[in-house]
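Structure assessment
Each chain, written out:
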Amino acid sequence: MGRRKSYILVAILVILISMEVAIVLGQGNGNNNGNGNSGSGNGNGNGNNNSNGSESGNGNGNGNGNGGGNGNGNGNGNGNNNGGGNGNGNGNGNGNGNVNNNGNGNGNGNGNGNGNGNGNGNGNGDGNGNGNGNGNGNGNGNAAAANKYDMKKAVEGTGQQRALCKSKGACYNMTLTCPAQCPERKPKKNKKNKGCFINCNSKCEAVCKYRKPKCDGYGSLCYDPRFVGGDGVMFYFHGAKGSDFAVVSDNNLQINAHFIGSRPTGRTRDYTWVQALSVMFDSHTLVLAAKRVAHWDDKVDSLTVTYDGQIITIPSDGEAEWRSNGIEREVIVERTDDTNTVKVSVAGLLEMDVKVTPIKEKENKVHNYQLPISNDAFAHLETQFKFFDLSDLVEGVLGKTFRPGYVSPVKKGVPMPMMGGEDKYQTPSLYSPVCRVCLFHRQSALAAAM
């Protein structure tokens, strides 16, 4: 009886050792969870997509392969953007082999935050399973939530301003203090100094920045005219002098640009610059324009701002800002320099930094513009936009570059990559939301107030 029990125990031990060997042979290594079983491979991949605004999303890709000579792998990736964007992606992979099986899964997630995430999962059979997952995504901050905070009492002795974050997310209820190098959000004694930028969206920080447009930054429109899209790709757009074009056109927002320019003898196209911008939303129109001046003077304000046809005056002291009155969305126009530079905020829609600048003699010669600058400084606008609520089908010369998954058609690797579409984006006037592909429909004042 005792001998029989010994045989049984030995048999069980042999079985356990065999199972262990099988498992060892089937083991695999994977990044972000990869498991392999004898004759089958499983791969799991996790991808994160991060955006420049407040939103972030996660993408997951799963790939499974089953042995026996045939393996099939399916991968699914989902990305969610907390700033108001959602992304979903699906990937399928199939693998066939003789005791070797491969499963590949790819997932792409696109959301209103213009974030793309890719997750790849691979499973390889033959007794070994390897799973790899990679996910990368870049967003442009299109769906960034409003940067909300309440100001608190400044730090005694240093005057460093403090803010209590009210934006939903990781920063909520967090107190941020401006650095000693830029203690104020709005430098009052010298507006050319860096201001304190409080970010209660994704970064939870207060940092020093110059308060003017960055012509090499995302969403910029500068020079003759040169754009940097929401995808980070730089391109030029010819337009035509005296004409107007839709820069952005969406369901709830339209931005038109008025072009000025000159055509030297022998040239087939105009040199052009943006002289004015019209921002249309709800039932309102905000216009920023550079005055025509014969001789440029940095100390003279050459920027005009009108709201619903009325010229507005922006104070140069105190908070140095103008605010709209009414129950609708708030509009703020703030001086960010003593003259010719402002920051515009339209609640829930956009922020824009705008600067008026001339064509100077050196620039005229370097680019061979051949402009008659002796009696016209060709004052124009340099602008950088930040959008908060664009749809996935947004249109416009600049607007379409903020679409999720947008791929620029311009030729890369050349000094001046050109974007066409003048016929699609031309509007009858600076104030008209009508073009071949425009989406915006102006609300009545009554409807906007409801």
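The structure reproduced in this document is the subject of the present report. The model shown is predicted, which means the values in this text are computed figures rather than measured ones. (Residues numbered from 1 in each chain as written. Predicted model: local features only at pLDDT ≥ 70, side-chain atom pairs only at ≥ 80, totals over all residues. Heavy atoms only, no water.)

1. Notes on the environment of Thr158
For the record, the criterion: Helix and strand definitions here come from DSSP, where helices need a minimum of 4 consecutive H or I residues and strands a minimum of 2 consecutive E residues; each element is numbered from the N-terminal end. Only protein chains enter the area calculation, which uses a 1.4 Å probe; residues under 20% of their type maximum are buried, those over 50% are exposed, and those in between are partly exposed.
On the secondary structure map, Thr158 appears in the loop between strand 9 (149–152) and strand 10 (162–165). By relative accessible area, which is 45% here, Thr158 ends up partly exposed.

2. Details of the side chain of Lys400
So the rule is basically this: Positive charges come from Lys and Arg, negative ones from Asp and Glu, while His and the chain ends are left out of the count. Take a side-chain nitrogen of Lys or Arg and a carboxyl oxygen of Asp or Glu: if they are within 4 Å of each other, that pair is a salt bridge. Think of a polar contact as two N or O atoms within 3.5 Å of one another; within protein, one of them needs to be a possible hydrogen donor and the other a possible acceptor, and neighboring residues in sequence only count if both atoms come from side chains. Pairs of residues are marked as contacts when any of their non-hydrogen atoms sit within 4.5 Å.
Following the sequence through the fold, Lys400 ends up in the loop between strand 27 (380–387) and helix 3 (422–425). It turns out Lys400 is buried and unbridged, and the closest side chain with the opposite charge, Glu395, is 5.7 Å from it. At a separation of 3.1 Å, a polar atom in the side chain of Lys400 contacts the side chain of Tyr425. Setting aside residues up to four positions removed in sequence, Lys400 forms contacts with Val394, Glu395, Tyr406, Met419, Lys424 and Tyr425.

3. Structural notes on the sheet that holds strand 10
The test is simple: Strands are labelled as partners when DSSP assigns at least two bridges between them. The axes are straight lines fitted to the C-alpha atoms, using for helices just the contacting stretch, and the angles between their N-to-C directions are given from 0 to 180°.
The three strands lie next to each other as 9-10-11, forming an open sheet whose pairing is antiparallel. Looking at the sheet topology across the chains shown, the edges are occupied by strand 9 and strand 11 (175–177). In this sheet, neighbouring strand axes are inclined to one another by 30° on average, regardless of whether the strands run parallel or antiparallel.

4. Brief notes about the packing of aromatic side chains
We apply this condition: Stacked, tilted and edge-to-face are the three classes applied to pairs of Phe, Tyr and Trp rings, where Trp contributes its six-membered ring and a pair requires centres within 6.5 Å; stacked means planes under 30 degrees apart, edge-to-face means over 60, and tilted covers the rest. Placement of a positive charge over a ring is assigned whenever Lys NZ or Arg CZ falls within 6 Å of the ring centre and within 35 degrees of the normal to the ring plane.
Per the counting criterion, the structure on display carries 11 aromatic pairs. Pairing Phe245 with Phe259 gives two aromatic rings, centres 5.1 Å apart and planes at 55°, and the pair type is tilted. Residue Phe245 is located in strand 17 (residues 244–250), and its partner Phe259 is located in strand 18 (residues 253–262); the two are separated by 14 residues in the primary sequence. By way of ring pairs, the aromatic residues Phe227, Phe235, Phe237, Phe245 and Phe259 are connected into one cluster. Positioned above the aromatic ring of Phe197 is the side chain of Lys209, whose terminal nitrogen or guanidinium carbon lies 5.6 Å from the ring centre. The ring of Tyr271 carries the charged tip of Arg267 above its face, separated from the ring centre by 3.9 Å.

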